[in-house]
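Descriptive structure summary
Residue strings, one per chain:
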Amino acid sequence: MTSVSKKVALSNKIHPYFSGFSSDLMFWAAINTLFLTTVKHLTASNINLMISIGMLASIISNYFVLKIIKKIGNISSIRLGVFLLLIACLLITFSNSFFWIVIGEIIYEVSFLFKNMDNLVLKENLAYEKKEEEYIKYQNKSLLIYSVITMIISFFSGLIFNMNAYLPMAIAITFCILNIILSYLLYEQKGNHSKKEEKTPMKKSASKLPQIVCLLILLFGITYSLIELCQRNGKILIQYSLSDFISNHKVAIYLSVILTISRVARVLSNYVFPKIYAKLNHKIMIAIEGILLFSIGSMIIGSILPNFTIKVIIMAIGFSFLLVIRDPLDCYIRTEILNHCAEEKQQDALSNLILARKIGNFSFSGLASLVLLKLNIVWVMVFLFVIAILNIIVVKKTYCFLTEKEPVMN
């Protein structure tokens, strides 16, 4: 085995762990609102404003970030991304000023635009080893590792936070440092055709992303944003629905159990996804859309049922299925985009994928906020259900396109 082959093999071996550890700021998602309200003394409106500014900043900066990525390359972009994630974590942890916490949130959002290039490094390395068909297995393993870690965190985050409010953030900082170390073990081996393509001017028709890639990006932007918003608002809906029957203390216990069940469901989903994908192939997007409609519908119906036990069971099932489809959607869409996109446009495609998710999240969040000005949280879920129904059109068109076209091979 040559020196290059050893570096590629080591990089591919490390990638699932690196990607799993750096998919998000560990512990942050579990205790973010608790940390910001009790430690940093921010209000709910402060937190919503902070998140909105972070999303908007990442949307605006997407074009400039892509220019930097093209200039410095994938590996350097990954290292810059995890370094920025550390900076963001330090600012959020130790800043007492709302301004600097917002700066931390902006850096947090932008860091993933750079870090996301680890998918291209894996794709290139697998192509070098002639294992391109195994990309979805590596991607799924990364998501499985991430889901197992977040499940474990969900068990202990509250206990660790009660021991010391800064302890979860100290662990998050440790993960950031570990990610920086792992990023220096990653290696990218580009195909021999890359140099030829750089010397040959691109045709005008090749300067744009293929139609199927644009459809996949649109589908991801809508569907993933819906899943995220349904999770966020679903937790609030469950909380409000249960509070009509039991005390706030018991609501917290029930909600904790439901969240734990959903995390376990997410792990199981990642474990069985490769087998399901092997059987369904492109029909997986139809299955995901159907489960999304079932999930939202279950939470709406559960919220209006009078029987407490049936209410809890139906809403818990609906919420858990949101996490069942979240990672498979991500894994499937990324794989198909890279399969249908020429090598020189893959950076653009992945950057636009993140951009579509952020625009979708920002837009739907804004519309949901307008609904809440006049109506309650149930109507937000109804609004999201209507969007999910309209999304069937995008799913159908994407499926028809995929089943008619063969993927573009690099």
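Not measured: the values here are computed from a predicted model. The numbers attached to residues start from 1 for each chain and follow its sequence in the written order. Whole-chain, interface and lining totals are the exception, using all residues; otherwise, since this is a predicted model, local features are given only for residues with pLDDT of at least 70 and side-chain atom pairs are given and counted only at 80 or more. Only hydrogens and water are set aside; all other atoms, that is, all heavy atoms of the structure, feed into the side-chain values.

Secondary structure counts use DSSP, requiring at least four H or I residues in a row for a helix and at least two E residues in a row for a strand, with both numbered from the N terminus. Along its length, the protein carries 15 helices and zero strands. At 21 Å, the protein has a C-alpha radius of gyration in line with the 22 Å of a compact globule built from 410 residues. In terms of overall dimensions, the protein has a C-alpha envelope of 65 × 50 × 35 Å along the principal axes. The cut-offs for exposure are 20% and 50% of the maximum accessible area for each residue type, with area from a 1.4 Å probe on protein chains only; residues under the lower value are buried, those over the upper are exposed, and the others partly exposed. Taking all 410 residues of the protein together, the buried fraction comes to 52%. Here the analysis covers contacts within the protein between residues at least 6 apart in sequence; of these, 85% occur between residues at least 24 apart. Using the Shrake-Rupley algorithm and a 1.4 Å probe, accessible areas are obtained, with residue cover drawn only from the displayed protein chains. Only carbon and sulfur atoms are counted for the fraction: they give 67% of the accessible area of the protein, which is about 19,300 Å². Counting 39 positive and 23 negative side-chain charges, the protein places the centres of these two groups 2 Å from one another. Radius of gyration means the value over C-alpha atoms here, while the globule rule gives 2.2 Å times the residue count to the 0.38 power. Residue contacts follow a heavy-atom distance rule, with two residues in contact if any of their heavy atoms lie within 4.5 Å. As used throughout, the charge tally considers Lys and Arg to be positive and Asp and Glu to be negative, leaving His and the chain termini uncounted. Think of each charge as sitting on NZ of Lys, CZ of Arg, CG of Asp or CD of Glu.

By convention in these notes, a salt bridge is any Lys or Arg side-chain nitrogen within 4 Å of a carboxyl oxygen on Asp or Glu. With the rule as written, the count across this model stands at nine salt bridges. Among the ionic pairs, Arg-334 bridges to Asp-330, the shortest N-O distance being 2.4 Å. Residue Arg-334 and its partner Asp-330 are located together in helix α13 (residues 308-339), separated by four residues, close to a single helical turn. When sorted by exposure, Arg-334 lands in the same class as Asp-330, which is buried. Across the salt bridge formed by Asp-348 and Lys-345, the nearest N and O atoms sit 3.7 Å from each other. In terms of burial, Asp-348 and Lys-345 fall into one category: buried.

The next subject is the packing of helix α4 (residues 74-94) against helix α5 (residues 98-115). To obtain each axis, a line is fitted to C-alpha atoms, and for helices this fit is confined to the stretch in contact; angles are then taken between N-to-C directions over 0 to 180 degrees. Close contact between α4 and α5 brings their axes to 8 Å; oriented N to C, the two are set at 160°. Viewed along their axes, α4 and α5 adopt a mutual orientation that is roughly antiparallel. As α4 packs across α5, the resulting crossing turns out to be left-handed. In this structure, α4 uses Ser-77, Ile-78, Leu-80, Gly-81, Val-82, Leu-84, Leu-85, Ile-87, Ala-88, Leu-91 and Ile-92 to contact α5, whose residues at the interface are Trp-100, Ile-101, Ile-103, Gly-104, Glu-105, Ile-107, Tyr-108, Ser-111, Phe-112, Phe-114 and Lys-115. Here the residues of the contact of α4 with α5 are counted per class, giving 16 nonpolar, four polar and two charged. Orientation labels follow simple angle bins: below 35 degrees gives roughly parallel, above 145 gives roughly antiparallel, 65 to 115 gives roughly perpendicular, and whatever is left gives oblique. For any helix crossing, the convention is left-handed if the near helix is rotated counterclockwise from the far helix by under a right angle, and right-handed if that rotation is clockwise. Residue polarity is assigned by list, with Asp, Glu, Lys and Arg as charged and Ala, Val, Leu, Ile, Met, Phe, Trp, Tyr, Cys and Pro as nonpolar; anything else, Gly included, falls into the polar class.

Our next topic: the nonpolar core. Among buried residues, those of type Ala, Val, Leu, Ile, Met, Phe, Trp, Tyr and Cys that are joined through side-chain atoms within 4.5 Å constitute a nonpolar core. Ranked by internal contacts, the top residues of the largest apolar core, which has 124 residues, are Phe-35 and Ile-333. At 16 residues, the largest contribution of residues to this core is made by helix α10 (residues 211-243). Apart from the residues within four sequence positions on either side, Phe-35 is in contact with Trp-28, Lys-40, Ile-92, Thr-93, Phe-161, Ala-165, Tyr-166 and Met-169.

Turning our eyes to something else, we now look at the environment of Phe-156. Checked against the element boundaries, Phe-156 lands in helix α7 (residues 135-163). Phe-156 sits 129 residues away from Phe-27 along the chain, and the two C-alpha atoms are 9.8 Å apart.

How far a helix is expected to stretch is found by multiplying one less than its residue total by 1.5 Å. An ideal rise of 1.5 Å per residue puts 26 Å on 18 residues; α5 measures up with 26 Å between its terminal C-alpha atoms. The element α5 is largely enclosed, with a buried count of 13 among its 18 residues. A side-chain oxygen of the first residue of α5 lies 3.2 Å from the backbone nitrogen of Phe-99; this N-cap is Ser-97. Nitrogen and oxygen atoms within 3.5 Å of one another constitute a polar contact, given that in protein one can donate a hydrogen and the other can accept it, and given that sequence-neighbouring residues count only through two side-chain atoms.

Every disulfide links exactly two cysteines, by a covalent bond between their sulfur atoms. When the sulfur atoms of two cysteines come within 2.5 Å, that pair is taken as a disulfide. Applying the stated criterion across every chain yields a total of zero disulfides. This cysteine, Cys-214, is not joined by any disulfide, and Cys-341 carries the nearest cysteine sulfur, 9.0 Å off.

A few words now on the packing of aromatic side chains. Stacked, tilted and edge-to-face pairs are distinguished by plane angle, under 30 degrees for stacked and over 60 for edge-to-face with tilted covering the rest, among Phe, Tyr and Trp rings (Trp via its six-membered ring) whose centres lie within 6.5 Å. Counted under the stated rule, the structure contains ten aromatic pairs. Between the aromatic rings of Phe-294 and Phe-321, the centroid separation amounts to 5.6 Å while the plane-to-plane angle is 90°, which identifies the pairing as edge-to-face. You can see Phe-294 sitting in helix α12 (residues 284-304) and its partner Phe-321 sitting in helix α13, a full 27 residues away along the chain. For Phe-294, a relative accessible area of 44% puts it in the partly exposed group.

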